[in-house]
Amino acid sequence: MDRLENAYGRLLEVLALAGCALIFAMTLMICADVFLRNVRIVPGLAGLEWANEISEAMLYLLTLLTAPWLLRQGGHIRVDIVLRSVPKAVGWGLEWLVDAMALSCCAVIFYYSARAAFASYSAGSLSIKTLITPEWWLISALPVAFLALTVEIFFRMRRLYLGPRAPRDDAVSTG
Amino acid sequence: MSWQAAAWLMLGGSTALLFLGLPVAFSFLAINLIGAVLFLGGEAGLVQLARNSVGSVASFSLTPIPLFILMGEVLFHTGLAVKVIDGVERLIRQVPGRLAVVAVVAGTVFSAISGSTIATTAMLGSLMLPVMLARGYHPTMATGPLMAIGAVDMLIPPSALTVLLGSLSGISISKLLIGGVVPGLVLSVFFVIYIIARVKLNPALAPAAAFTEYRGWEKLRPFVQYVIPLVSIFVVVVASMSAGWATPTESAAIGAFFTMVLATLYGSLTRKNLLAALRGTAAISGLILFIILGATTFSQILSFSGASNGLVELISGSGLSPMQVIAAMMLLLIFLGLFVDQVSMMLITLPIYMPLVTKFGVDPVWFGVMFLICMQLGLLLPPHGLLLMTMKGVAPPQVRMGHIFQAVLPYIAMSLIVLALVFFIPAVAVWLPKVLV
């Protein structure tokens with residue numbers, strides 16, 4: 001089981017690295033768009049008109065790619081004032097309750113987002129902006145991410161079971 | 001279901017889940033699932049909730065969040081941030097509490113090129129705190145200015161959280177970014193005056209130590225070589241926005257790109273530290289964006305259930321003047337800041353606050369800047385202020401949490417004074433955006 005958990009952790013690392021690549025690519029793409037729009041060096045090319053739309057998709061994918069990795073790092077922020085003010089064993093018990101709720105949420109969203117993606121695919125729905133793309137392309141990333149989150153919560157619960165009987169030291173705020 | 005019950009369920013339920021320790025994003029997801037079943041038509045509502053999630057973060061106005069964070073992370077990981085301190089230090093002559101003053105000035109400069117409060121506080125804390133303590137500074141005099149100026153980073157553009165506030169509230173992002181400049185600078189000036197006055201009254205807090213006084217070009221060299229080019233990033237970001245070459249969103253990408261170009265020119269950008277900067281960016285922006293994804297339908301459900309309208313009507317019909325209502329809103333934000341992080345503060349309050357702002361005809365930029373000051377206060381408020389924890393993380397063991405709590409109190413008081421200043425003299429916040437945007 002340890003090997004499986006470690007292998008899964010490596011997979012999440014790869015997803016996070018893909019997220020990093022998206023940030024880098026997004027920076028370059030938006031700059032190229034602004035440059036080409038203001039300095040007409042290529043005749044007939046006034047910027048990359050699809051850049052905004054692709055950036056939006058990148059932002060969405062970045063969110064989904066990093067979410068399971070952040071959960072592994074304990075990086076999803078929370079308010080732990082109650083967990084810290086009750087006896088450690090009670091805090092540990094609350095962690096189970098919290099994990100059960102998170103697990104249920106992710107499983108439900110996995111199911112309904114998969115249904116939304118399938119319905120969109122079946123109906124042949126299109127996203128019509130600058131680019132015309134099948135709507136299910138983006139929606140289908142949602143069940144994949146929430147499945148990954150569901151699996152990670154199982155591993156998280158396993159670590160809670162094997163670890164000390166106390167609340168976890170997860171992140172508590174953004175910067 | 002009555003609007004009162006819906007309000008209790010949505011606002012009370014999400015707050016209860018937050019305090020139970022469920023991560024913020026999952027708290028909003030959970031309450032949205034319940035809300036979708038009750039108010040959006042059961043299963044159809046759940047499918048709709050999933051579809052809405054795509055549009056929630058696939059929004060071009062949110063792209064500055066990772067890009068502004070990337071600027072700060074690149075400067076931090078390449079070590080260029082250190083050069084800012086060096087450049088500022090040589091210019092400041094002997095004044096009471098000199099190193100603390102250097103920290104505030106360098107922190108203000110760094111704020112203008114970094115979009116991350118953590119990067120600023122961690123950088124100043126890890127570099128300046130050991131020096132100040134070694135020179136006999138009292139832990140409260142050594143830590144207080146570093147935390148306070150770290151929080152000011154949120155007010156001075158670029159700031160990822162300001163972009164988020166603009167995006168969620170519908171207030172002009174460029175006006176909000178520029179609106180934070182004057183209050184941020186006023187705070188920095190207050191900090192410097194306070195440090196000098198405090199050390200004059202009690203010199204033992206910051207013993208004067210000998211320092212190398214450079215003359216001529218050597219005094220200016222690091223400032224010209226590093227600080228001016230780095231501050232030009234800020235100029236590029238603001239100028240590209242103001243001149244209409246780029247939208248506020250695009251100017252963030254230009255700023256991030258320019259930061260990487262400068263780091264390359266200085267020979268300090270390696271594949272290793274670029275990856276570290278990108279990982280740091282992915283972690284902070286990923287968690288903010290996932291909360292937005294989780295909370296996306298929250299305000300829609302509040303509105304659909306009648307809770308938003310009910311609360312707005314209740315408050316606007318209470319006989320309180322608009323100024324009293326705004327003051328009460330700010331007090332509630334400060335109270336929330338004691339326990340709740342900045343993103344949650346926005347998500348919980350904005351669905352109710354913004355309709356009230358519109359109804360009362362209040363200047364949204366003025367309101368937004370006060371909102372920012374309250375969030376900045378939240379970074380400093382014990383027991384959970386993020387920057388208190390960041391400082392504890394980089395401070396040596398002799399600096400106790402008690403020192404940190406005590407150290408931050410005068411700076412909280414100064415932030416409250418600036419909040420009152422903006423409240424009574426709105427021009428402090430809205431003058432510069434009117435001139436520049």
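Everything below is about the structure shown above.
Cut-offs used in this document
- Residues numbered from 1 in each chain as written.
- Chains lettered and ligands numbered in written order.
- Predicted model: local features only at pLDDT ≥ 70, side-chain atom pairs only at ≥ 80, totals over all residues.
- Heavy atoms only, no water.
- Helix = DSSP H or I, 4+ residues; strand = E, 2+ residues; numbered from the N terminus.
- Rg over C-alpha atoms; globule rule 2.2 N^0.38 Å.
- Buried < 20%, exposed > 50% of the residue type's maximum accessible area, 1.4 Å probe, protein only.
- Contact = heavy atoms within 4.5 Å.
- Areas by Shrake-Rupley, 256 points an atom, 1.4 Å probe, with all protein chains shown as cover.
- Lys, Arg positive; Asp, Glu negative; His and termini not counted.
- Charge placed at Lys NZ, Arg CZ, Asp CG, Glu CD.
- 1 Å grid on protein atoms, 1.4 Å probe; cavity = no way out; pocket = protein on both sides within 12 Å on 5 of 7 lines; lining within 4 Å.
- Points joined across faces, edges and corners; volume = space filled by probe spheres on them.
- Buried area = accessible area lost by both parts, 1.4 Å probe.
- Salt bridge = Lys/Arg side-chain N within 4 Å of Asp/Glu carboxyl O.
- Polar contact = N/O pair within 3.5 Å; in protein donor to acceptor, adjacent residues only side chain to side chain.
- Nonpolar A, V, L, I, M, F, W, Y, C, P; charged D, E, K, R; others polar.
- Core = buried A, V, L, I, M, F, W, Y, C linked by side-chain atoms within 4.5 Å.
- Patch = residues over 30% accessible without salt bridge, like charges linked within 9 Å, V, L, I, M, F, W, Y side chains within 5 Å.
- Expected span 1.5 Å × (residues − 1).
- Phe/Tyr/Trp six-rings, centres within 6.5 Å; stacked < 30°, edge-to-face > 60°.
- Lys NZ or Arg CZ within 6 Å of the ring centre and 35° of its normal.
- Axes fitted to C-alpha atoms, helices over the stretch in contact; angles between N-to-C directions.
- Left-handed = near helix turned anticlockwise from the far one by under 90°.

Within chain B one finds 22 helices and zero strands. Scaling as 2.2 N^0.38, a compact globule of 437 residues should have a C-alpha radius of gyration of about 22 Å, and chain B matches this with 22 Å. Each of the three principal axes of chain B carries a C-alpha extent, and together these read 75 × 45 × 45 Å. The buried share among the 437 residues of chain B stands at 61%. Counted over contacts in chain B with a minimum sequence separation of 6, partners at least 24 positions apart contribute 80%. Surface summary for chain B: the accessible area is close to 14800 Å², and the carbon and sulfur share equals 69%. Averaging the locations of the 19 positively and 11 negatively charged side chains of chain B gives two centres separated by 10 Å.

Quick look at the overall build of chain A now. Per the secondary structure count, chain A includes six helices and two strands. Each helix and strand of chain A, placed in order from N terminus to C terminus, yields the pattern α-α-α-α-β-β-α-α. Taking 2.2 N^0.38 as the reference for a compact globule, 175 residues should give roughly 16 Å; the C-alpha atoms of chain A span a radius of gyration of 21 Å, well beyond that estimate. Dimensions of chain A along its principal axes, counting C-alpha atoms only, are 70 × 40 × 30 Å. Counting every position in chain A, which comprises 175 residues, the buried fraction comes to 48%. Taking the intrachain contacts of chain A between residues at least 6 apart in sequence as the baseline, contacts between residues at least 24 apart amount to 72%. Of the accessible surface of chain A, which amounts to about 8300 Å², a share of 69% is contributed by carbon and sulfur atoms. Charge separation in chain A, taken as the distance between the mean sites of 15 positive and 14 negative side-chain charges, equals 6 Å.

Right, let's get into empty space enclosed by the protein. Within this structure, the stated rule accounts for two cavities of 30 Å³ or more. In this structure, the second largest cavity occupies an estimated 50 Å³ of space. In terms of lining residues, the second largest cavity is bounded by L71, D99, A102, I153 and R156 of chain A together with P23 and F26 of chain B. Of all the secondary structure elements, the ones that give two or more residues to the lining of the second largest cavity are helix 4 (88-123) and helix 6 (141-162) of chain A.

Before going further, it helps to spend a moment on the interface of chain B and chain A. The interface is formed by 64 residues belonging to chain B together with 59 residues belonging to chain A. With both sides pooled, the region where chain B packs onto chain A buries about 5600 Å², and carbon together with sulfur makes up 77% of that total. Along the contact surface separating chain B from chain A lie four salt bridges. Between the two partners, chain B and chain A, sit ten residue pairs in polar contact (both at pLDDT 80 or more). Counting only elements with at least two residues in the side of chain B that touches chain A, the list comes to helix 1 (3-20), helix 2 (24-39), helix 3 (43-57), helix 4 (64-78), helix 7 (117-134), helix 13 (248-265), helix 14 (271-295) and helix 18 (342-360) of chain B. Among the elements that line the side of chain B that touches chain A, the one with the most residues is helix 14 of chain B, at 15 residues. Of the residues assigned to the side of chain B that touches chain A, the class counts are 48 nonpolar, eleven polar and five charged.

Of all hydrophobic cores here, the largest spans 219 residues; its most connected members are I288 and F367 of chain B. Every residue in contact with F367 of chain B, bar those within four places of it in the chain, is listed here: I326, M329, M330, Y353, M354, V357 and V362 of chain B.

A cluster of nonpolar residues, F35, V39, I41, V42 and L45 of chain A, forms a patch on the protein surface that exposes about 400 Å² of accessible area. Residue placement: I41 of chain A occurs in the loop between helix 1 (2-38) and helix 2 (51-73).

On to helix 13 of chain B. Over its 18 residues, helix 13 of chain B extends 26 Å from the first C-alpha to the last, a length consistent with the 26 Å expected when each residue adds 1.5 Å. Against helix 1 and helix 2 of chain A together with helix 4, helix 5 (80-91), helix 12 (216-242) and helix 14 of chain B lie the buried residues of helix 13 of chain B.

Below, the discussion takes up the side chain of T259 of chain B. All names here are of chain B. Structurally, T259 can be placed in helix 13. Residue T259 is classed as buried on the basis of its relative accessible area of 1%. Within the structure, the side chain of T259 is placed 2.6 Å from the backbone oxygen of G255, a separation counted as a polar contact. Dropping the residues within four chain positions of it, T259 is found in contact with M71, V74, L75 and I233.

Attention shifts here to the environment of V88 of chain B. All names here are of chain B. Looking at where V88 falls in the secondary structure, it is placed in helix 5. For the pair V88 and A429, spaced 341 residues apart in sequence, the C-alpha to C-alpha distance is 27 Å. Setting aside chain neighbours within four positions, we find V88 in contact with V102, V105, A106, V109 and V227.

Okay, the layout of surface pockets next. Residue and element names in this part refer to chain B. Estimated volume of the largest pocket: approximately 590 Å³. Lining the largest pocket we find 23 residues, and of these L11, L311, L332, I348 and I352 sit closest to its centre. Counting residues per element, the ones that place at least two in the lining of the largest pocket are helix 1, helix 16 (307-316), helix 17 (322-337) and helix 18. Residue classes in the lining of the largest pocket are distributed as 19 nonpolar, four polar and no charged.

A few words on the packing of aromatic side chains. Aromatic ring pairs are described here by two measures, namely the spacing of the ring centres and the angle between the planes. Applying the stated rule across the entire model yields 16 aromatic pairs over all chains. Seen from their ring centres, Y111 of chain A and Y112 of chain A are 4.9 Å apart, and the 80° between their planes marks the pair as edge-to-face. The structure contains a cluster of three or more aromatic residues connected by ring pairs, namely F118, Y121 and W136 of chain A. Stacked on the ring of Y214 of chain B, the Lys or Arg R90 of chain B has its end atom at 3.9 Å from the ring centre.

Let's shift gears to the packing of helix 4 of chain B against helix 14 of chain B. Working note: a packed helix pair is described by the angle between its axes plus the distance between those axes. All names here are of chain B. In the contact formed by helix 4 and helix 14, the axes pass within 8 Å of each other and the chain directions differ by 145°. Relative to helix 14, the crossing made by helix 4 is right-handed. Contact residues: helix 4 offers I65, P66, I69, L70, E73, V74, H77 and T78, while helix 14 offers N273, A276, A277, L278, G280, T281, I284, S285 and I288. Considered class by class, the residues forming the contact of helix 4 with helix 14 number ten nonpolar, six polar and one charged.

Assignment of secondary structure puts W3 of chain B in helix 1. Discounting residues that sit within four places of it in the chain, W3 of chain B has contacts with S305, G306, A307, G310, L311 and L314 of chain B.

The full count for this structure, using the stated rule, is 20 salt bridges over all chains. Note that R37 of chain A is salt-bridged to E250 of chain B, the shortest N-O span being 2.7 Å. Placement of the pair is R37 of chain A in helix 1 and E250 of chain B in helix 13, with the two residues belonging to separate chains. Accessibility expressed as a relative area gives 28% for R37 of chain A, which makes it partly exposed.

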